[in-house]
Amino acid sequence: MGRGKLRIYLGAAPGVGKTYAMLSEAHRRIERGTDCVVAFVEHHDRPRTEVLLRGLEQLPRRELQHRGSTFTEMDVDAVLRRAPAVALVDDLAHTNVPGSRNTKRWQDVQELLAAGIDVISTVNIQHLESLGDVVESITGTPQREAVPDELVRRANQIELVDMSPEALRRRMAHGNIYTSDKVDAALSNYFRPGNLTALRELALLWVADRVDEYLQRYRSEHQVSKIWGSRERIVVGLTGGPEGRTLIRRAARLAEKGAGGEVMAVYVARSDGLTAASPKELALQRTLAEDLGGTFHHVVGDDIPAALLDFARGVNATQIVLGSSRRKTWQYVFGPGVGATVARESGPDLDVHIVTHGEVAKGRGLPVARGARLGRARIVSGWVMAVVAPVVLALLLNGVHLGLANDMLLFLTVTVAAALLGGLLPALASAAVGSFLLNYFYTPPLHRLTIADPKNIVAIAIFVGVAVSVASVVDLAARRTHQAARLRAEAEILSFLAGSVLRGETSLEALLDRVRETFGMESVALLERRGDVDPWTCAGRVGTGGPLDRPEDADVDMPVGDHMALALTGRVLPASDRRVLAAFAAQAAVVLDRRRLREEADRARALAEGNRIRTALLAAVSHDLRTPLAGIKAAVSSLRSEDVEWSEEDRAELLEGIEDGADRLDHLVGNLLDMSRLQTGTVTPLIREIDLDEVVPMALGGVPEDSVDLDVPETLPMVAVDAGLLERAMANVVENAVKYSPPDEPVLVSASAIADRVEVRVVDRGPGVPDEAKDRIFEPFQRHGDAPRGAGVGLGLAVARGFAEAMNGTLAAEDTPGGGLTMVLSLRAADAGPDTRPEGTYRPGTYRPEDAHSPVHAERQVS
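Residues numbered from 1 in each chain as written. Predicted model: local features only at pLDDT ≥ 70, side-chain atom pairs only at ≥ 80, totals over all residues. Heavy atoms only, no water.

Considering the nonpolar core
Then, number 1: Of all hydrophobic cores here, the largest spans 63 residues; its most connected members are L88, L112, I125, F191 and W206.
Then, number 2: If one sorts the elements of this core by residue count, helix α9 (residues 193–221) sits on top with six residues.
Then, number 3: Discounting residues that sit within four places of it in the chain, L112 has contacts with M74, V76, V79, L80, A87, V89, I117 and V119.
Then, number 4: Core analysis: the next-biggest nonpolar cluster, separate from the first, contains 46 residues, L716, M730, V758 and L811 among them. (Core = buried A, V, L, I, M, F, W, Y, C linked by side-chain atoms within 4.5 Å. Buried < 20%, exposed > 50% of the residue type's maximum accessible area, 1.4 Å probe, protein only. Helix = DSSP H or I, 4+ residues; strand = E, 2+ residues; numbered from the N terminus. Contact = heavy atoms within 4.5 Å.)

Quick word on the packing of helix α14 (residues 376–399) against helix α15 (residues 404–422)
Then, number 1: With their axes 7 Å apart at the nearest point, α14 and α15 run at an angle of 165° to one another. Of the possible angle classes, the one that applies to α14 and α15 is roughly antiparallel. As α14 packs across α15, the resulting crossing turns out to be right-handed. Residues R378, I379, S381, G382, M385, A386, A389, P390, L393, A394 and L397 of α14 pack against D407, L410, F411, V414, A417, A418, L420, L421 and G422 of α15. (Axes fitted to C-alpha atoms, helices over the stretch in contact; angles between N-to-C directions. Parallel < 35°, antiparallel > 145°, perpendicular 65-115°, else oblique. Left-handed = near helix turned anticlockwise from the far one by under 90°.)

Some thoughts on the pattern of salt bridges
Then, number 1: Evaluation of the coordinates by the stated rule reveals 25 salt bridges.
Then, number 2: Close ionic contact of D602 with R605 constitutes a salt bridge, the shortest N to O distance being 2.2 Å. With D602 and R605 both in helix α19 (residues 578–640) and three residues apart, the pair spans about one turn of that helix.
Then, number 3: The partly exposed category is assigned to D602, whose relative accessible area is 37%.
Then, number 4: By relative accessible area, which is 54% here, R605 ends up exposed. (Salt bridge = Lys/Arg side-chain N within 4 Å of Asp/Glu carboxyl O.)

Considerations on the sheet that holds strand β13 (residues 351–355)
Then, number 1: Pairing is parallel in the open sheet, where five strands are placed in the order β11-β10-β9-β12-β13. Whereas interior strands pair on both sides, the edge strands pair on one side only; in this sheet they are β11 (295–300) and β13. When strand polarity is set aside, the average angle formed by the axes of neighbouring strands in this sheet is 25°.
Then, number 2: Two elements, strand β12 (residues 319–323) and β13, share five bridges in a ladder whose sense is parallel. Considered in β13, the bridge of I320 is made with V352. (Pairing = 2+ DSSP bridges.)

Quick notes on the packing of helix α22 (residues 723–740) against helix α23 (residues 796–806)
Then, number 1: Here α22 crosses α23 at 145°, and the two axes come no closer than 8 Å. As α22 runs across α23, the sense of the crossing is left-handed. In this structure, α22 uses L725, R728, A729, N732, V733 and N736 to contact α23, whose residues at the interface are G796, L797, V799, A800 and F803.
Then, number 2: Taken together, the residues of the contact of α22 with α23 sort by class into seven nonpolar, three polar and one charged. (Nonpolar A, V, L, I, M, F, W, Y, C, P; charged D, E, K, R; others polar.)

Quick notes on the pairing of strand β2 (residues 36–40)
Then, number 1: Counting buried positions over the five residues of β2 gives five, a clear majority of the element.
Then, number 2: With four bridges connecting them, β2 and strand β6 (residues 86–89) associate as parallel partners. Note that in β6 the partner of F40 across the bridge is V89.
Then, number 3: Bridge count between β2 and strand β3 (residues 57–58): two bridges; the pairing is parallel. Within β3, the position partnered with V37 by the bridge is E57.
Then, number 4: For the crossover from β2 across helix α2 (residues 47–53) to β3, the handedness is right-handed. (Right-handed = clockwise from strand over helix to strand, strands pointing away.)

Section: the confidence of the model for the chain
Then, number 1: Across the chain, the average pLDDT comes to 78, with 78% of residues at or above 70.
Then, number 2: For the chain, helix α17 (residues 454–502) is the element with the lowest average pLDDT, namely 69, and β6 is the one with the highest, namely 95.
Then, number 3: Ignoring residues within four places in sequence, the model shows residues 363–372, a span with pLDDT below 50, making 22 contacts including any to other chains.
Then, number 4: Residue range residues 786–793 is modelled with pLDDT below 50. Its contacts to residues more than four positions away, or to other chains, number 19 contacts. (pLDDT = per-residue confidence, 0-100.)

Observations regarding the side chain of S121
Then, number 1: Take S121: it is sitting in strand β7 (residues 118–124).
Then, number 2: There is a polar contact of 2.7 Å between the side chain of S121 and the backbone oxygen of V89.
Then, number 3: Discounting residues that sit within four places of it in the chain, S121 has contacts with R7, I8, Y9, M22, V89, D90, D91 and L92. (Polar contact = N/O pair within 3.5 Å; in protein donor to acceptor, adjacent residues only side chain to side chain.)

A closer look at a negative patch on the surface
Then, number 1: Together, E648, E649, D650, E653, E656, E659, D660, D663 and D666 make up a negatively charged patch on the protein surface.
Then, number 2: Locating E656 in the fold gives a position in helix α20 (residues 648–680). (Patch = residues over 30% accessible without salt bridge, like charges linked within 9 Å, V, L, I, M, F, W, Y side chains within 5 Å. Areas by Shrake-Rupley, 256 points an atom, 1.4 Å probe, with all protein chains shown as cover. Lys, Arg positive; Asp, Glu negative; His and termini not counted. Charge placed at Lys NZ, Arg CZ, Asp CG, Glu CD.)

Let's talk about the sheet that holds strand β15 (residues 537–543)
Then, number 1: One open sheet holds the four strands; their spatial order is β15-β14-β17-β16, and the pairing between them is antiparallel. What marks the edges here is a single partner per strand, and that holds for β15 and β16 (556–559). In this sheet, neighbouring strand axes are inclined to one another by 15° on average, regardless of whether the strands run parallel or antiparallel.
Then, number 2: As paired elements, strand β14 (residues 523–528) and β15 share six bridges and run antiparallel to each other. Paired with V524 across the strands is V542, a residue of β15.
Then, number 3: Sheet contacts for helix α18 (residues 508–519): β14, β15 and β17 (564–569); angle to β15, the most-contacted strand, approximately 55°.

Points about the packing of aromatic side chains
Then, number 1: Tallying each qualifying case throughout the model produces one aromatic pair.
Then, number 2: Ring geometry for Y190 versus F191: centroids 5.6 Å apart, planes at 65°, classification edge-to-face.
Then, number 3: On the accessibility criterion, F191 (0% relative accessible area) is buried.
Then, number 4: Over the ring of F40 we find R61, and its NZ or CZ is 4.0 Å from the ring centre.
Then, number 5: Between R105 and the ring centre of F40, over which it is positioned, the NZ or CZ distance is 4.2 Å. (Phe/Tyr/Trp six-rings, centres within 6.5 Å; stacked < 30°, edge-to-face > 60°. Lys NZ or Arg CZ within 6 Å of the ring centre and 35° of its normal.)

The following block contains the structure:
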């Protein structure tokens with residue numbers, strides 16, 4: 001049985017109609033005779049969605065108990081037993097209740113797909129793992145549930161469910177998304193027009209990129225070389241000259257005229273060298289291209305026009321922007337130039353723009369190393385000079401005889417010219433033709449291939465020797481120039497590689513993509529294995545084509561150590577390119593090691609933090625727990641002693657000591673447990689609307705009577721808090737204030753409303769805390785000043801701040817006017833509006849029917 005197919009309905013925000021579209025598709029498939037069932041779908045109290053569920057087979061759900069409440073989740077086993085052709089699974093990013101088969105619903109979906117069941121699901125753009133921080137920066141709402149991007153990318157079909165922000169807000173206002181009591185808050189918070197527009201753009205761009213990937217894969221699989229102008233892609237050819245910035249700006253203006261236009265600036269470094277590019281100028285042009293929303297690419301190609309055209313066709317570009325040539329008029333003798341060649345060979349589907357600029361016809365400066373052995377044009381010119389020029393010269397000299405010495409110098413001049421143009425072989429041919437003509441026409445006996453005078457033999461021999469020597473020097477210079485230019489091109493690539501490291505571009509995928517476009521390959525993969533006989537695994541891969549199982553299957557493989565290799569497919573590279581490829585391979589290995597070291601460092605940091613907490617806990621146990629235990633044991637031993645007859649007053653005092661020690665232990669253990677929950681992130685408050693005057697007085701039970709003055713007006717607005725967490729936080733803050741306040745100065749607890757917040761101030765007249773220690777006193781196991789060990793382990797304020805932040809509040813310390821310390825607890829007023837985070841994310845205390853199965857809405861009881 002093959003793997004099932006996954007279809008995903010992707011939306012920009014809750015309420016755009018993903019579930020409705022999924023159910024509509026289910027009805028269409030059932031009408032066609034497809035076996036389709038509902039594995040898990042919530043209608044969220046939306047009437048139209050609820051109507052569509054009718055007539056569909058809904059499989060029973062699995063009930064789970066969590067923290068005293070019953071939740072329902074998708075029963076994976078029931079779906080596998082039923083084995084339908086298609087299963088509907090809503091909310092792909094959902095987190096399952098603890099005790100479920102899998103932690104995430106997308107893991108359940110993978111099981112169904114592996115069993116050969118097709119799945120139709122839904123997901124919002126904010127739940128894609130790579131976009132979580134982007135969405136948070138747009139909406140201000142952290143995303144607590146995520147789906148791996150790769151899972152969504154591998155879906156067989158992705159359908160965007162789109163709706164304009166205005167239409168979505170109308171749906172919200174009509175009560176079609178949330179209940180009426182949440183509409184106003186939602187419209188003024190998450191569902192603001194700006195938020196929805198940004199999320200819609202994000203969804204459209206993400207889907208457009210996926211469509212582009214599918215198109216590139218299709219073109220590669222079907223070997224489509226013709227350009228399809230599905231979107232405007234503009235390639236800018238750069239030479240490294242000052243005109244590059246003009247070309248990039250011109251291309252950006254062209255891209256703005258078309259929807260979805262994309263600019264790609266390309267610098268081609270070739271072994272035969274086009275021009276001496278300035279690294280500083282290229283860096284400026286890279287920055288400009290990226291600032292204008294484009295990308296910068298550095299490729300290697302022996303033929304500049306061919307490299308540009310290959311790159312443009314490879315990225316399915318529609319336009320190429322080039323600058324007018326900076327060559328002077330006489331330099332066109334050597335060829336039409338890059339611009340004219342690209343325009344001639346671009347074909348009917350690729351437009352070429354030649355842009356004028358201020359550097360036109362000003363020349364390229366001083367002559368630069370040509371980097372190649374001699375080009376084809378020069379070699380042809382050399383052969384013409386070697387074969388034709390001596391014959392023409394002989395015909396001219398037959399009419400005007402200048403003497404053997406002068407004739408020989410003229411033929412030597414032709415041979416040197418052939419050597420300068422064509423190198424060694426044309427020079428040898430010219431020397432041979434010239435010596436033949438000199439012997440036949442100008443050395444006695446004439447018109448015979450014999451030489452009567454030995455001096456003429458020496459002259460002709462010297463002539464041939466000089467010709468060969470000059471030709472050898474020219475050929476050697478060409479070889480050295482080729483090597484120098486090749487090294488320069490490699491140095492430029494390596495400098496860009498080093499620059500990417502310095503700029504922090506350490507992504508393995510980005511580096512592999514740079515390798516792919518530098519060498520013009522189809523795909524690049526970094527393979528590794530643990531041992532010589534272990535199978536190869538892929539650490540990172542970019543490009544098209546199927547995955548590689550072994551380096552031997554690639555067109556080019558570059559070993560990196562004993563158990564790692566860089567594998568490239570597309571074409572066979574010449575040996576001269578492997579040196580640069582080796583540098584890329586070594587850098588890829590370094591990037592991979594750095595990424596793993598960073599992950600290990602993060603784990604080590606977490607372990608170190610855990611060890612620090614455990615060490616502090618052991619320190620607390622060593623004394624702060626032992627002291628009350630010792631007191632309790634001593635009192636109990638005294639009471640059980642048969643040698644002493646205790647009076648009722650003594651027995652009461654001993655029992656009171658036992659009770660005080662037990663209360664102290666209970667308080668200490670409670671703080672330790674609460675700190676442990678805060679450190680592991682398991683505190684999940686249940687936010688409700690509560691009056692402060694119902695909670696604050698309950699927090700004063702642990703302090704002596706008359707030690708606190710309470711001023712909490714009944715007219716204060718209600719606050720959105722977890723009652724248990726607020727009581728515990730207030731108790732810790734008040735106990736700390738009473739501990740340091742003078743006996744004759746009661747602590748003042750007052751509350752007031754400020755804008756959409758309610759502040760509770762705990763004011764004491766104690767010694768106070770200096771400014772530099774005001775933040776430190778909220779850290780775990782911190783005690784200010786000379787507090788004795790019996791004063792506690794320093795967790796009370798840390799727990800209080802942690803609980804306050806868990807309720808979207810703050811706890812800060814201020815100086816009390818006249819001396820002392822004031823703790824300010826700021827809470828969100830209930831009438832400020834509920835938290836309107838998107839469906840599928842955690843919203844403290846906000847209950848909706850579709851969230852009934854989510855564990856984060858279970859109440860946490862604070863003891």
